[in-house]
Amino acid sequence: VHRAASAGLSQRTIGHAIGRSQPEVSRLLKLDPTRFEGSSPLGELVALGRVSRTGPWLHLADHRPVPGPSDLAAWRRIEQSIEVEGLRAPSVGALAETLGLESPDLLKTLRRLEMLGLVIGIARNRFVTLRQAKQLAGIAEQLASAEDAVGGSLTAIAFREKSDIGRNQAIEVLEYFDRAGLTRRKGVHRRLVRTSDEIFGRASA
């Protein structure tokens, strides 16, 4: 299984230049996508140092995509503009207007930055930084662990109110958390199935 996992993360097959998400690798290898503890095949590879984590992406330990000068310059401008309102990230259209760019051109740049592991596309029209994603995941954890939480779960309404990011982005974030394997939805509730550190690593908040 270890050999198959390494092959699944090889540069020839990765879905992003930085790597694959843990649920993607689990599906590729037909493993339980909710398990990532040390005793699991992927957990063992991380413990052995053969697989590393950058935000939500898993990749071979020696795989480090390097952004070029133009991407680095674009990233410096974009990062500040995405985070200017804290956790409330702008849509691509609003971000393009702020930066004085055309939306299609900006979207191409954001896709490249996502491939470099610098941003996360939580929806087709919105990107957040890893720092924002980690903070938002922390809010989800707080809500799920609160004394009045129903069965260790949270609701979209509670998440929207606690994060103060607006209805649309709150829904986009929670749906992304479902896809990433942080939460699992059942009706109006979402239960945490993994920790934010398991999904995003120990990225600085």
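The subject of this paragraph is the packing of helix H4 (residues 69–82) against helix H6 (residues 103–115). Packing of H4 against H6 leaves a shortest axis separation of 11 Å and a crossing angle of 105°. Comparing their axes, H6 and H4 come out roughly perpendicular. Counted together, Asp 71, Ala 74, Trp 75 and Ile 78 of H4 and Leu 106, Thr 109, Leu 110, Arg 112 and Leu 113 of H6 form the full contact between these two elements. Grouping the amino acids of the contact of H4 with H6 by side-chain chemistry returns six nonpolar, one polar and two charged.

Let's shift gears to helix H9 (residues 167–180). Along its 14 residues, H9 runs 20 Å from first to last C-alpha, staying within 8% of the 20 Å computed at 1.5 Å per residue. When H9 is considered as a whole, its buried residues turn out to be Gln 169, Ala 170, Glu 172, Val 173, Leu 174, Tyr 176, Phe 177 and Ala 180. Where H9 terminates, the next one or two residues include Gly 181, which has phi positive at roughly 95°.

A separate point is the sheet that holds strand E8 (residues 189–192). Pairing is antiparallel across the open sheet formed by three strands, whose spatial order is E6-E8-E7. Every other strand in the sheet has two partners, leaving strand E6 (153–155) and strand E7 (183–186) as the edge strands with one partner each. The mean angle between the axes of side-by-side strands here comes to 35°, regardless of whether they run parallel or antiparallel. The sheet contact formed by E7 and E8 spans four bridges and is antiparallel. Within E8, the position partnered with Arg 184 by the bridge is Arg 191. On the sheet, helix H7 (residues 130–145) packs against E6 and E8 and is oriented at approximately 115° with respect to E6.

For the rest of this paragraph, the subject is helix H5 (residues 92–99). Of all the residues in H5, the buried ones are Val 92, Leu 95, Ala 96 and Leu 99. Taken end-on, H5 shows its buried residues confined to a sector of 100°, consistent with a single buried face. Opposite its buried face, H5 presents the exposed residues Glu 97 and Thr 98, each directed more than 90 degrees away. Turning to H5, the residues buried within the fold contact H4, H6 and strand E5 (126–129).

This part is about the side chain of Ser 153. Here Ser 153 is to be found in strand E6. Judged by its relative accessible area of 8%, Ser 153 falls in the buried class. Every residue in contact with Ser 153, bar those within four places of it in the chain, is listed here: Leu 143, Ala 144, His 189, Arg 190 and Arg 191.

About the cut-offs
- Position labels on residues start from 1 in each chain and follow its written sequence.
- Only residues with pLDDT of at least 70 are given local features in this predicted model, and only at 80 or more are side-chain atom pairs given and counted; all residues enter the totals for whole chains, interfaces and linings.
- Derived side-chain values reflect all non-hydrogen atoms in the structure, with water molecules and hydrogen atoms excluded from consideration.
- Axes here mean lines fitted to C-alpha atoms, for a helix over just the part in contact, with angles spanning 0 to 180 degrees between N-to-C directions.
- Note on conventions: DSSP H or I runs of at least 4 residues are helices, E runs of at least 2 residues are strands, and numbering of each starts at the N terminus.
- Relative orientations are named as follows: roughly parallel for angles under 35 degrees, roughly antiparallel for angles over 145 degrees, roughly perpendicular for angles from 65 to 115 degrees, and oblique for any other angle.
- For this analysis, residues touch if any pair of their heavy atoms sits within 4.5 Å.
- Residues are sorted three ways: Asp, Glu, Lys and Arg are charged, Ala, Val, Leu, Ile, Met, Phe, Trp, Tyr, Cys and Pro are nonpolar, and all the rest, Gly among them, are polar.
- Helices are assigned an expected span. That span is 1.5 Å times one less than the residue count.
- Exposure classes here rest on a 1.4 Å probe applied to the protein chains alone. A residue is buried below 20% of its type maximum, exposed above 50%, and partly exposed in between.
- Strand pairing is assigned whenever DSSP identifies at least 2 bridges connecting the two strands.
- Think of the arc as the fan of directions from the helix axis to the C-beta atoms.

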